[in-house]
Amino acid sequence: MRGPDDTLERDLIEKVRAGNRAAFDQLAGVHLPRLLRLSRRMLGSGDEAQDALQNALASTWIARAKLDPSKPIAAYLTTVTLNKCRDRMRRRKAARLLGLGAFDPDMPVASDAPGAESEIADRQALEEVSRAIERLPIRLREALVLVAIDGRSQREAAELLGVTEKTIETRVYRARQRLREKLDFV
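Turning next to the overall build of the chain. Counting its regular elements, the chain contains nine helices and zero strands. By residue count, 35% of the 186 residues in the chain fall in the buried class. Contacts in the chain between residues at least 24 apart in sequence constitute 64% of all its contacts with a sequence separation of at least 6. When the accessible surface of the chain is split by element, carbon and sulfur atoms take 51% of a total near 11,200 Å².

With the rule as written, the count across this model stands at one aromatic pair. Positioned above the aromatic ring of W61 is the side chain of R64, whose terminal nitrogen or guanidinium carbon lies 4.1 Å from the ring centre.

On to the nonpolar core. Counting residues in hydrophobic clusters, the biggest one holds 25 residues, and the most contacted among them are M42, L144, L146, I168 and L179. Of all the secondary structure elements, the ones that give two or more residues to this core are α3 (32-43), α5 (73-97), α6 (117-134), α7 (138-149), α8 (154-161) and α9 (165-182). A total of six residues in this core trace back to one element, the largest contributor, which is α7. V16, L36, L67 and I73 belong to the second-largest nonpolar core, a separate cluster that totals 16 residues.

Time to look at the confidence of the model for the chain. Put simply, the chain has an average pLDDT of 81, and 81% of its residues get 70 or more. Counted against residues more than four places away or in other chains, residues 109-115, with its pLDDT under 50, gives eight contacts.

Turning our eyes to something else, we now look at the packing of α7 against α9. Helix packing for two helices is described by the angle between their axes and how far apart those axes are. In the contact formed by α7 and α9, the axes pass within 8 Å of each other and the chain directions differ by 100°. With respect to α9, the axis of α7 lies roughly perpendicular. Together, R139, L140, A143, L144, V147 and A148 of α7 and I168, R171, V172, R174, A175, R176, R178 and L179 of α9 make up the contact between the two elements. When its residues are assigned to classes, the contact of α7 with α9 shows nine nonpolar, no polar and five charged.

One pass over the structure, following the stated rule, counts nine salt bridges. Across the pair R21 and D25 runs a salt bridge, and its minimum N-O distance is 3.3 Å. With a gap of four residues between them, R21 and D25 both fall in helix α2 (residues 21-29), about one helical turn apart. In this structure, D150 and R41 form a salt bridge, with 3.5 Å as the shortest nitrogen-oxygen distance.

So, how was this worked out
Residues numbered from 1 in each chain as written. Predicted model: local features only at pLDDT ≥ 70, side-chain atom pairs only at ≥ 80, totals over all residues. Heavy atoms only, no water. Helix = DSSP H or I, 4+ residues; strand = E, 2+ residues; numbered from the N terminus. Buried < 20%, exposed > 50% of the residue type's maximum accessible area, 1.4 Å probe, protein only. Contact = heavy atoms within 4.5 Å. Areas by Shrake-Rupley, 256 points an atom, 1.4 Å probe, with all protein chains shown as cover. Phe/Tyr/Trp six-rings, centres within 6.5 Å; stacked < 30°, edge-to-face > 60°. Lys NZ or Arg CZ within 6 Å of the ring centre and 35° of its normal. Core = buried A, V, L, I, M, F, W, Y, C linked by side-chain atoms within 4.5 Å. pLDDT = per-residue confidence, 0-100. Axes fitted to C-alpha atoms, helices over the stretch in contact; angles between N-to-C directions. Parallel < 35°, antiparallel > 145°, perpendicular 65-115°, else oblique. Nonpolar A, V, L, I, M, F, W, Y, C, P; charged D, E, K, R; others polar. Salt bridge = Lys/Arg side-chain N within 4 Å of Asp/Glu carboxyl O.

Encoded structure:
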């Protein structure tokens, strides 16, 4: 049985399919904070994450005729956002191969305030974990981010990525194993 929120979403999707920009803004607006967090976790950079999310929303708007009112929009938006993050990571990898290196101004920098040794150590540990997550293979990173960081169930992650729950379980396990191998404190 579908509730009133589902009916509202279905109506908004119909309006979006008809070209109503305000309906699209309303429909996507609900999901923006979650999608931005997902992008940041995948890409590590705030600017890149925002660009990837904007590209995902633009692609969704352009392909609005493909939206299915009988299906929740959250999964569709998550899939498109993940795809845009993958595109950015491929471009980033190509740039590194060409020697164009990448400096990330959004990575947290340790504070030099006196008496903040523990804060500095925590920030350094967070930076190390973030870098280790960014170095994971894309399939492992996606599963880890969706399940362990974004808080999705293995079933939801499996549906979003088009794989089985067992595959997600295995990928999360392998991602955690690799992180343990690379990090002393995990």
